[in-house]
Structures are given as structure tokens and as C-alpha cells.
Amino acid sequence: MKQVPITGVFKKALPVLETIQEAGFEAYYVGGSVRDALLGKDVNDVDIATSAFPEEIKKLFKKTVDVGIEHGTVMVLMNDESYEVTTFRTESTYQDFRRPDSVTFVRSLEEDLKRRDLTINAFAMDQTGDIQDFFGGERDLDEQIIRAVGKAEERFNEDALRMMRAVRFASQLGFHLEADTFYAIVVNAHLLENIAIERIRVEFVKMAMGKYVRQGFTGFVETNLYAYCPGLVHARDALENFAKVIEPIQRERQMWALLLYYLGIQRGKEARAFLKNWKLSNQLLNQSADLHQLLLYRLHSEQTNETVYRYSKELALDAETCLDLINQPFDKKAVENIDAALPIHSRKELAIDGKIVMAENQQRGGRWLGDAIEAAERAVVRGDIANETAEILDFLKKNDYV
Ligand code: ATP
Ligand code: MG
């Protein structure tokens, strides 16, 4: 049996485990933190599972918060940290291929681990670093295999999101889908239609930004899962091309912009409709759609004062990164230089404003005013005129804006 040294976050969380154990209950580290520790990766937060019921946990600690008590999760605050402590539970009667109708708290660790998705996510580790492995997870880690806990077909019928999770982990870890797990996804891929887009999106994003995206996308495409994701039904080739990015994508908006690019979408309206179907937040949707437009522009033109001003330096740099990722010529230094030399970075820095222009023209505001300020802004950004009140007013006069 493997042992993991109790250091870092595990050590910090030790008093939580010990307090629960001293009260006569079982407590273990579980889930992704144990998987990552066994893989030798950095672990930033731990999940704790226990045989104690939520009310019992609340009695043991001074400060707790009910974060999901109906699911058995209590947040314990200790030494400036917070820990999610979840009671061992089973889940029953999945009626609609997603989340259980009810959870039942149990006192058995094995029962709890049985309801987890993949063997590599179904470890428990005690306070000494001893690993409990009921489903061959350690062997699968060694052999780099993604395998459902128990009967894959049943597990995917209970919660279809697990299929997305399987390919997501293949992409993050570079593991292979075990044959039964693979075929169970092929057969059940359509059940993904029952899953909320927001939950699918979380896994999709992690997959598309995975270190081994080519491997992850191979599973995603070959199992047909992709066909049940928003806007991807005809995207087989696009996804295969997307997966050739030369390095893992670091920023979510870059991922969406590149995906739109490979989908062959050109029009901003179409891009937004696609992103809307994935239910992105407004901010991320706007940034991704803008980045996509800038990327398309950059495939045939250079960055200019106007692109850097309009899209911002950050987005302009992201466009260069996107070009790099798809093996096209890119130039970050040019963006830095343009930005450093930009006469203004926002309309607020313009040496005129509505009031000044209205006074000059002795006229109330209206459409003409917006047009005038926009023209002045453009001329200043392009460097055609200096950002000085007199010079701008002169320019506006010459061009019949005032
Ligand atoms: P990450 O490092 O990306 O957070 P994780 O494995 O910790 O990966 P979480 O979504 O945080 O993933 O879930 C924590 C644990 O809960 C998983 O390791 C797994 O044991 C279990 N789990 C999560 N989602 C499911 C699911 N849909 N079905 C069954 N078990 C799940
Ligand atoms: Mg996690």
C-alpha cells in the first residue's frame, strides 16, 4: 500500500481529521487531493470525508458554516483556513440521468467511495498518509487509465456528467479511457442532453485547456460525446484541428476564441450566439467574442494604435498568444510598443469632452456630439492630431463637426 507524506495542506488540515477521530468517528482526505498527491502534483485544497453526521461535526468545532448540509457538507473554519467536511453518503434513485434525488448518510467509507466517478478519484487517505483503495485506483494511476468505479454503464446512467469528467481527466492527465468505460460512453453519450449546460461547461473548459488536449479530444470525439454539446454537432474536424494547439491554453477566453476560429465562424453575431448557448457570463462572452474578431483580423493585418486602443492591451496580447498557439506569426513586442506610445487609453483622457464641444458650438447635445467626439477620439488615437483642446477643436471645425 502506498503512502503519501503528510505535508503542506494535508498537514495543515490534520487537526480537523484528528478532532473528528478523537470524538470516535472516522475521517479521511478524499477526492482530487489524494489523486494529485499520488501523482506527485501540488495540492492546494483538501476535501475531507467522515462517518460523523453534519450535526455531530458542528458540535465538534467552534466555527462552522452550513454550506450544503442537505448533501452532508459542513464547512469547518480552523487556523484561518476553511475545510469542507462531508459525511459519507450514498446517492439513490437517479431518475433523470443527473444528480441524485436523495442522498443517504452512511457510516461506511467504502459505501461513500463506491458512488464516486472514477477509480482515480475514489481514494481515501488517513492521517498517516495510508491510502485506502477499494477499486484498483492505484493500478489505474500507474497504468494511466481512466476507469469508472463499478459498472461504467450504470454509473453513466446515474449521472451522465461523469462521461464528460472521464474525458476531461484524460485531457488533464494524458490517460487512456479503459475499454468498458469507453464503450459505455459511446452507448450513453446521448444522455448528456439531460445535463445542465453549466455543469458540462465546467468539464469542457478543463478538457479544452488540459495539458494533453489531443488525447482528451480524441476520447471526446471518438465516443461521440461532442455531438451532444452546444453547437458542436458538426464540429468533428474543427475539434480535431483545435486539439493541435502547440501548447496548453492558459486562459479561458483564448480557448473560446480559438474554438470559434476552428469552427470557421466569422460573424460576431454568430460567435456570440454560440457562446450564449454555452451560457458564458456576459463579461467572458464579450471578451471571447472580441478576441475572436481580433484574431481573425490579425490573420491578415498588423496590430495598430486603433486595435490596441479599442480592444485593450490585454486582449491584443491574448490575440498574439492565440496566433502563437496555432503556429502563426505573432508579435507581442509590437503590442507593448504600440500601447506604450498610445496618446490616450480611454475616452476620459481625451482633452475635450461633451461640455467643451457644446460650448464651442453653442448647441445642445445630440447625435452630432457623439459623432464629433468619436471623430476626435479616432484622430487622437491614430496620432493624426495631438491630444490638446485647441488642436482637437480646430480639427472638429475643419471637418465640419462644429
Ligand atoms: P479537480 O482537481 O478538478 O477539482 P476533483 O476530482 O477534485 O478534480 P471535484 O469536482 O472537485 O473534482 O470533485 C471532488 C470529488 O468528488 C471527485 O474526486 C470525485 O470523487 C467526486 N465527484 C465529483 N463529481 C462527481 C460525479 N459527477 N459523480 C461521482 N463522483 C463525483
Ligand atoms: Mg476538487
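Remember, it's a predicted structure, so these values are computed and weren't measured experimentally.

Draft legend 1. Layout of the site of ligand 1. In the vicinity of ligand 1 there are 13 residues, among which R35, R116, N121, R162 and R168 approach most closely. Residue G32 places a main-chain N or O atom 3.4 Å away from an oxygen atom belonging to ligand 1. Between R35 and ligand 1, the recorded distance is 2.8 Å, taken from a side-chain N or O atom to an oxygen atom. Protein coverage of the free-state accessible area of ligand 1, which is 580 Å², stands at 73%. Looking at which element gives the most residues to the shell around ligand 1, the answer is helix α8 (residues 161–173), with four residues. The two domains that each donate at least three residues to the shell around ligand 1 are domain 1 (1–139) and domain 2 (144–244).

Draft legend 2. Representation of unusual backbone geometry within the structure. Residues other than glycine seldom take positive phi values, yet D80 does so here, at roughly 65°. On the secondary structure map, D80 appears in the loop between β4 (73–78) and β5 (81–87). The backbone of N224 sits at a positive phi, close to 75°, despite the residue not being glycine. Turning to its location among the elements, N224 is positioned in the loop between α11 (213–222) and α12 (236–242). Its relative accessible area of 33% is what places N224 among the partly exposed residues.

Draft legend 3. A look at the domain arrangement of the protein. Under the domain assignment used here, the protein contains domain 1 (1–139), domain 2 (144–244), domain 3 (250–342) and domain 4 (348–398). Averaged C-alpha coordinates put domain 1 and domain 2 at centres separated by 25 Å. Domain 1 puts 21 residues into the contact, and the matching count from domain 2 is 21 residues. Across the domain 1 to domain 2 interface the summed buried area is about 1,800 Å²; carbon plus sulfur atoms make up 57%. The interface formed by domain 1 and domain 2 includes two salt bridges. For the salt bridge of E91 with R162, the shortest nitrogen-to-oxygen distance reads 3.8 Å. Our enumeration of links across domain 1 and domain 2 arrives at six residue pairs in polar contact (both at pLDDT 80 or more).

Draft legend 4. Summary view of the sheet that holds strand β3 (residues 63–68). Reading across the sheet, the seven strands line up as β3-β4-β5-β2-β1-β8-β9 and stay open at both edges, with mixed pairing between neighbours. A strand with exactly one partner marks an edge of an open sheet, and here the two such strands are β3 and β9 (131–132). Judged from the two bridges that link them, strand β8 (residues 124–125) and β9 form a sheet pairing that is antiparallel. Residue A124 lies in a different strand from β9, and its bridge partner there is Q132.

What counts as what
- Residues numbered from 1 in each chain as written.
- Chains lettered and ligands numbered in written order.
- Predicted model: local features only at pLDDT ≥ 70, side-chain atom pairs only at ≥ 80, totals over all residues.
- Heavy atoms only, no water.
- Near = heavy atom within 4 Å.
- Polar contact = N/O pair within 3.5 Å; in protein donor to acceptor, adjacent residues only side chain to side chain.
- Areas by Shrake-Rupley, 256 points an atom, 1.4 Å probe, with all protein chains shown as cover.
- Helix = DSSP H or I, 4+ residues; strand = E, 2+ residues; numbered from the N terminus.
- Domains from an automatic or database assignment.
- Buried < 20%, exposed > 50% of the residue type's maximum accessible area, 1.4 Å probe, protein only.
- Contact = heavy atoms within 4.5 Å.
- Buried area = accessible area lost by both parts, 1.4 Å probe.
- Salt bridge = Lys/Arg side-chain N within 4 Å of Asp/Glu carboxyl O.
- Pairing = 2+ DSSP bridges.

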